[in-house]
Every structure is written in structure tokens, then in C-alpha cells.
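# Summary of the model geometry
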Amino acid sequence: MLIDTHCHLDASEFDADRPAVVQRARARGVRAIVIPAIARGNFSVVRDLARSFPGGTYALGIHPIYVQYADDTDLAVLRSSVEAAMADPRFVAIGEIGLDFFLPEISTGAAREKQERFYQAQLKIAAEFDLPVLLHVRRSQDILLKYLRRIRVPGGIGHAFNGSAQQARAFIDMGFALGVGGAMTYGRALNIRRLFVDFDLENLVLETDAPDIPPEWLPADDRRNEPGEVGRIASSLAELRKLPVEEIAAATGAAALRVLPRLSALDLS
């Protein structure tokens, strides 16, 4: 089963042909797409979009890059939105949340402190409702782990993971799977490729982060990523691990259902 566990299908890049993008993904065997929110302003957008096609699901959260534009009322709205969404089978996680220490303007001082405060608050919401989290992990692995040790959540996904083997093992030991996407398809991405060979398939899930993180094969004049690329990402991982692509699809699909258990309630045929 092919599942795109991280796709920003609501992004403006898809405004001209969103139904065709979904149709292409379905035609290529993608049975579920998880659409994470990034800010209070798109909570209803991702919810309504997920409800508009078979296999559409969503997560609610405030992305670390958008924390700079948020205030405490956004956290209150998030909690009330999560409480209301618990009755919706298409709601599967808290996300996209986390920490981004790559962008210099939000990586120090008050901006960093605000990121960490919002991350902790959203972990507490996830813990309260016993929900997994979709984690934005960019140069922030150890701090993310520090707070996960203090505020225990039922696992989730380390999105676009690119850390050390030791850090990867720490996330896995806390019930997380690692997101495998377009970055892995580049031969020069030696660390990522090594990680995704060394760790058991049961701890890996597929993702696109569409329209971002384009895989290697997309042409220079059209780098928009799509959920339909999940199949080729699976094939690339199969080639890397010297396994049949069917085994990759089955194992990563099972891993997605394990770390996002609310997916199991949906008909993904």
C-alpha cells in the first residue's frame, strides 16, 4: 500500500490542477495522502480538502516557521479544533509541528524561544488527546528529543529526517518512524541513503512533502513535486535496499498504519 504521509496539497502551486494531481496519485496506486496544516488560517482548508477525495486525511498544527506569526490564541484555537476533529475519521495527527534551526532569523533569541514554547504546547495537546505528531526536523534533532522525553506522545513521524544514526534510533525508540522522500533519491545524499539502508523497513514511511523536496528525476523546468511520485520514491528505496518494490510498499504502508493508527479506520482500497 502506497501512502504519502506528508503532502501540502493545499499549497497554491496546486491551485490550477489539484483534482488532476489527486487523480494521478490514485492512478499510480497512492491510497492515502496526509495533508498537514501549517497555521491556524489553514486548519479548515486542510480538513475540507481531505474530505474531498478518497484516502484524503489531515493533521492540525502550527509549523515552526509560522510560529513567528502566531500568538497564544492560535494555540487555544488549535486545541479546540483538535477536540472537535477527534470525531472525524480523516483526522490522524498533530502536525506539522517541530523546530527549525536552519533559518537564521528564527534560530536565536526570542524567535527561538517562541518556537520551543509553541512546540512544547503542541506536544501537550498531542499527549492530552493521545495523538501522534508529524515532526518538522531541521537542524533541531537533539532539542526535539529533549522535549519528547519530557512530554511523552504516542510516536509519529520524523518528517524529512536527516540526522545521525544515534538520533534516528532515539526517535524510533520513542515510537517514531522516519520519513523517506525526495532527498533520498540523490546519489550525493550519502548520510540519508545510509540511514535508510541500515534501519529496518518497519521504521520507515514514504512521503513527498509536495510541492517541495522534488526527487532527482523531476526536470529542471518543472520541479513541482506531487503525491503521485511516492511510487517512484518507493522504487528508488527498493533499488537502494536491493528489494522488490512490492516489499517496500507493503512494509512502509504497514509502518504508516502503525504510527498513524487512525488511518486504519479508513477504507483505503
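Just above, that's the structure.
Bear in mind that the values here come from a model prediction, so they are computed numbers and not experimental data. (Residues numbered from 1 in each chain as written. Predicted model: local features only at pLDDT ≥ 70, side-chain atom pairs only at ≥ 80, totals over all residues. Heavy atoms only, no water.)

## Describing the overall build of the protein chain
Counting secondary structure elements, the protein chain contains 9 helices and 8 strands. For 269 residues, the compact-globule estimate of 2.2 N^0.38 gives 18 Å, and the protein chain sits close to it at 17 Å. Considering only C-alpha atoms, the protein chain reaches an extent of 45 × 40 × 35 Å along its principal axes. Put simply, the protein chain has 269 residues, and 57% of those count as buried. Within the protein chain, contacts between residues at least 6 apart in sequence are counted, and of these 70% link residues at least 24 apart. Carbon together with sulfur atoms contributes 51% to the accessible area of the protein chain, which is approximately 11200 Å² in total. Of the side chains in the protein chain, 31 bear a positive and 35 a negative charge, and the two mean positions are spaced by 3 Å. (Helix = DSSP H or I, 4+ residues; strand = E, 2+ residues; numbered from the N terminus. Rg over C-alpha atoms; globule rule 2.2 N^0.38 Å. Buried < 20%, exposed > 50% of the residue type's maximum accessible area, 1.4 Å probe, protein only. Contact = heavy atoms within 4.5 Å. Areas by Shrake-Rupley, 256 points an atom, 1.4 Å probe, with all protein chains shown as cover. Lys, Arg positive; Asp, Glu negative; His and termini not counted. Charge placed at Lys NZ, Arg CZ, Asp CG, Glu CD.)

## Remarks on the environment of Glu247
Of note, Glu247 is situated in helix H9 (residues 245-259). For Glu247, a relative accessible area of 38% translates into the label partly exposed. Sequence-wise, Glu247 and Met1 are 246 residues apart; in three dimensions their C-alpha atoms are separated by 9.6 Å.

## Remarks on the sheet that holds strand S5 (residues 133-138)
The parallel open sheet is built from 8 strands, whose spatial order is S1-S2-S3-S4-S5-S6-S7-S8. The open sheet is flanked by strand S1 (2-4) and strand S8 (204-206), the only strands paired with a single partner. Sheet twist, expressed as the average angle between the axes of neighbouring strands with direction ignored, equals 30 degrees. As paired elements, S5 and strand S6 (residues 156-159) share 4 bridges and run parallel to each other. Of the residues in S6, the one forming a bridge with Val133 is Gly156. (Pairing = 2+ DSSP bridges. Axes fitted to C-alpha atoms, helices over the stretch in contact; angles between N-to-C directions.)

## Section: the packing of helix H3 (residues 72-85) against helix H4 (residues 109-128)
Put simply, H3 and H4 touch, their axes get as near as 11 Å, and they point 15 degrees apart. The orientation of H3 relative to H4 falls into the category roughly parallel. Where H3 crosses over H4, the handedness of that crossing is right-handed. Of the residues in H4, those in contact with Asp72, Leu75, Leu78, Arg79 and Val82 of H3 are Arg117, Phe118, Ala121, Gln122, Ile125 and Glu128. Among the residues making up the contact of H3 with H4, the classes are represented as 6 nonpolar, 1 polar and 4 charged. (Parallel < 35°, antiparallel > 145°, perpendicular 65-115°, else oblique. Left-handed = near helix turned anticlockwise from the far one by under 90°. Nonpolar A, V, L, I, M, F, W, Y, C, P; charged D, E, K, R; others polar.)

## Considering the pairing of strand S7 (residues 176-180)
Within S7, 5 of the 5 residues are buried, leaving the element largely enclosed by the surrounding structure. With 3 bridges joining them, S6 and S7 adopt parallel strand pairing. When the sheet's bridge partners are listed, Gly156 is paired in S7 with Phe176. In the classification by handedness, the crossover that spans S6, the intervening helix H6 (residues 165-173) and the parallel S7 is right-handed. By the bridge criterion, 3 bridges tie S7 to S8 in an arrangement that is parallel. (Right-handed = clockwise from strand over helix to strand, strands pointing away.)

## Points about the packing of aromatic side chains
This structure, assessed with the given rule, holds 5 aromatic pairs. Between the aromatic rings of Tyr58 and Phe91, the centroid separation amounts to 5.5 Å while the plane-to-plane angle is 45 degrees, which identifies the pairing as tilted. One end of the pair, Tyr58, is in strand S3 (residues 56-60); the other, Phe91, is in strand S4 (residues 91-100), with 33 residues separating them in the sequence. According to the relative accessible area criterion, Phe91 is buried, its value standing at 0%. (Phe/Tyr/Trp six-rings, centres within 6.5 Å; stacked < 30°, edge-to-face > 60°.)

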